[in-house]
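Letter by letter, the chains look like this.
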Amino acid sequence: MLEGKLVNLRIVEKEDLPLVKEWFNNPDFTGEYDPLDAQESKADIEKKYEKLTPEQKWFLIETKTGSKIGFIGHFPEGDLLEIGYALIPSERGKGYCTEAIKIMVDYLFLSKKIVRIQARTNVENNASQKVLEKAGFKKEGTFRKLMFVRGEWVDTYVYSTIREEWKEPKILIKTASQS
Ligand SMILES: CC(C)(COP(=O)(O)OP(=O)(O)OC[C@H]1O[C@@H](n2cnc3c(N)ncnc32)[C@H](O)[C@@H]1OP(=O)(O)O)[C@@H](O)C(=O)NCCC(=O)NCCS
């Protein structure tokens, strides 16, 4: 378990897969700015889960009382790692995802010899851009017409944070020493 002040990140267990499947297949959860392409069966999700590697991990975002409120994961994109995240609608706007991303960044830079973590977001997705900026990511540029979302090709911003800017853990070590 990776512990923050507002939320914890807990690795997805096999027992969590029905919930993860429900979330991935629910357009209210994935949001209006991402492709509507999940619609995966239990078998599809289980197959993906079995194929996860150290470079691709799925975490639940949980409140401090253990409620399961969202998903955050990392996956390889060439030689670097990319992150993706979503929260159930009722728990948005409370700072939870910002902290979840900060925890993920600490975890990845503390556990892997990577120098860069990336995220991509629909140019219309202001909330996602805001959380990335609050978590220390910088906008690098635009991929034109990269994603097919709700019937149209949309532009996507790429954001990154690099090890030399991150410098030191923001949440993980501090939380451990304070508790
Ligand atoms: C993007 C998402 C994960 C953000 O999670 P969250 O926990 O609500 O984020 P936080 O509460 O940490 O921060 C949200 C920030 O965005 C701001 N925000 C929210 N909606 C916004 C909007 N439509 N326009 C501008 N800013 C917005 C909030 O005010 C807040 O900033 P503040 O703390 O300065 O007030 C959540 O909206 C979500 O799950 N969306 C659907 C899935 C998704 O789009 N995932 C990302 C794909 S790239």
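Each remark here, short or long, concerns the structure printed above.
What comes next concerns the included structure. Predicted, not measured: the structure shown is a model, and the values here were computed from it. (Residues numbered from 1 in each chain as written. Predicted model: local features only at pLDDT ≥ 70, side-chain atom pairs only at ≥ 80, totals over all residues. Heavy atoms only, no water.)

1. Let's talk about the pattern of salt bridges
Quick reminder of the rule: Throughout this description, the term salt bridge denotes a Lys or Arg side-chain nitrogen within 4 Å of a carboxyl oxygen of Asp or Glu. Only protein chains enter the accessibility calculation, which uses a 1.4 Å probe. A residue is then buried if its area is under 20% of the maximum for its type, exposed if over 50%, and partly exposed in between. Note on conventions: DSSP H or I runs of at least 4 residues are helices, E runs of at least 2 residues are strands, and numbering of each starts at the N terminus.
Scanning the model with the defined rule gives twelve salt bridges in all. Residue Glu40 pairs with Lys48 through a salt bridge whose shortest N-O separation is 2.5 Å. Assessed through its relative accessible area of 15%, Glu40 is described here as buried. With relative accessibility at 40%, the residue Lys48 sits in the partly exposed group. Between Arg116 and Glu140 there is a salt bridge, and its shortest N-O distance comes to 2.9 Å. Taken together, the residues Arg116 in strand E6 (residues 116–122) and Glu140 in strand E7 (residues 138–149) connect sequence positions 24 residues apart. Residue class for Glu140 comes out partly exposed when judged on its relative accessible area of 43%.

2. Observations regarding the side chain of Asp16
Basically, it comes down to this: Pairs of N or O atoms within 3.5 Å make up the polar contacts considered here, provided that, within protein, one atom can donate a hydrogen while the other can accept it, and that residues adjacent in sequence are counted only when both atoms are side-chain atoms. Here, residues are in contact when the closest pair of their heavy atoms is within 4.5 Å.
Considering the arrangement of structural elements, one finds Asp16 in the loop between strand E2 (7–11) and helix H1 (17–24). You can call Asp16 buried: its relative accessible area is 6%. At 2.7 Å, the side chain of Asp16 forms a polar contact with the backbone nitrogen of Glu13. With residues up to four places along the chain from it excluded, the contact list for Asp16 reads Arg10, Ile11, Leu60 and Lys68.

3. Notes on the sheet that holds strand E5 (residues 80–87)
Applicable threshold: Strand pairing requires that DSSP identify at least two bridges connecting the strands. In this description, a line fitted to the C-alpha atoms serves as the axis of each element, helices being fitted only across the stretch in contact, and the angle between N-to-C directions of two axes falls anywhere from 0 to 180 degrees.
In spatial order, the strands read E1-E2-E3-E4-E5-E6-E8-E7; together these eight strands make up an open sheet with mixed pairing. Edge strands, defined here as strands with exactly one partner in the open sheet, are strand E1 (2–3) and E7. As paired strands, E6 and strand E8 (residues 152–162) are joined by seven bridges and run antiparallel to one another. Residue Ala119 lies in a different strand from E8, and its bridge partner there is Tyr159. Across the sheet, helix H5 (residues 126–134) touches E5, E6, E7 and E8, and the angle it forms with E6 is around 160 degrees.

4. Let's talk about the packing of aromatic side chains
Quick note on the threshold: Working definition: rings of Phe, Tyr and Trp (its six-membered ring) pair if their centres are within 6.5 Å, and the pair is stacked with planes under 30 degrees apart, edge-to-face with planes over 60 apart, and tilted otherwise.
Scanning the model with the defined rule gives eight aromatic pairs in all. Here Phe24 and Phe71 contribute two aromatic rings whose centre-to-centre distance is 5.0 Å and whose plane-to-plane angle is 85 degrees, an arrangement assigned as edge-to-face. Taken together, the positions of Phe24 in helix H1 and Phe71 in strand E4 (residues 68–77) put the pair 47 residues apart, joining distant regions of the chain. Plain terms: the ring middles of Phe148 and Trp153 are 5.2 Å apart, the flat faces sit at 50 degrees to each other, and that makes the pair tilted.

5. Here we look at the site of the ligand
To be explicit about the condition: One heavy atom suffices: a residue is near a molecule or strand as soon as one of its heavy atoms comes within 4 Å of it. To be clear on the numbers: accessible area is Shrake-Rupley with a 1.4 Å probe, and residue cover counts the displayed protein chains and nothing else. Amino acids outside the nonpolar list (Ala, Val, Leu, Ile, Met, Phe, Trp, Tyr, Cys, Pro) and the charged list (Asp, Glu, Lys, Arg) are all regarded as polar, and Gly is one of them.
Taken together, 23 residues form the shell around the ligand, and within it Leu87, Gly93, Gly95, Thr98 and Lys134 come nearest. Contacts to the ligand include Gly93, whose backbone N or O atom sits 2.6 Å from an oxygen atom. Residue Lys130 places a side-chain N or O atom 2.9 Å away from an oxygen atom belonging to the ligand. Considering the ligand on its own, with 950 Å² of exposed area, one finds that the protein chains cover 72% of that surface. Counting only elements with at least two residues in the shell around the ligand, the list comes to helix H2 (27–30), E5, helix H4 (96–111), E6 and H5. Split by residue class, the shell around the ligand holds eight nonpolar, nine polar and six charged.

6. Considering H1
Inclusion rule: When we speak of the arc, we mean the arc of directions from the helix axis to the C-beta atoms.
Looking only at H1, the buried set comprises Leu17, Val20, Trp23 and Phe24. In an axial view of H1, the angular spread of the buried residues amounts to 120 degrees, which keeps them on one side of the axis. Exposed side of H1, more than 90 degrees from the buried face: Pro18 and Glu22 are the residues found there. Buried residues belonging to H1 abut H2, helix H3 (42–50), strand E3 (57–63) and E4.

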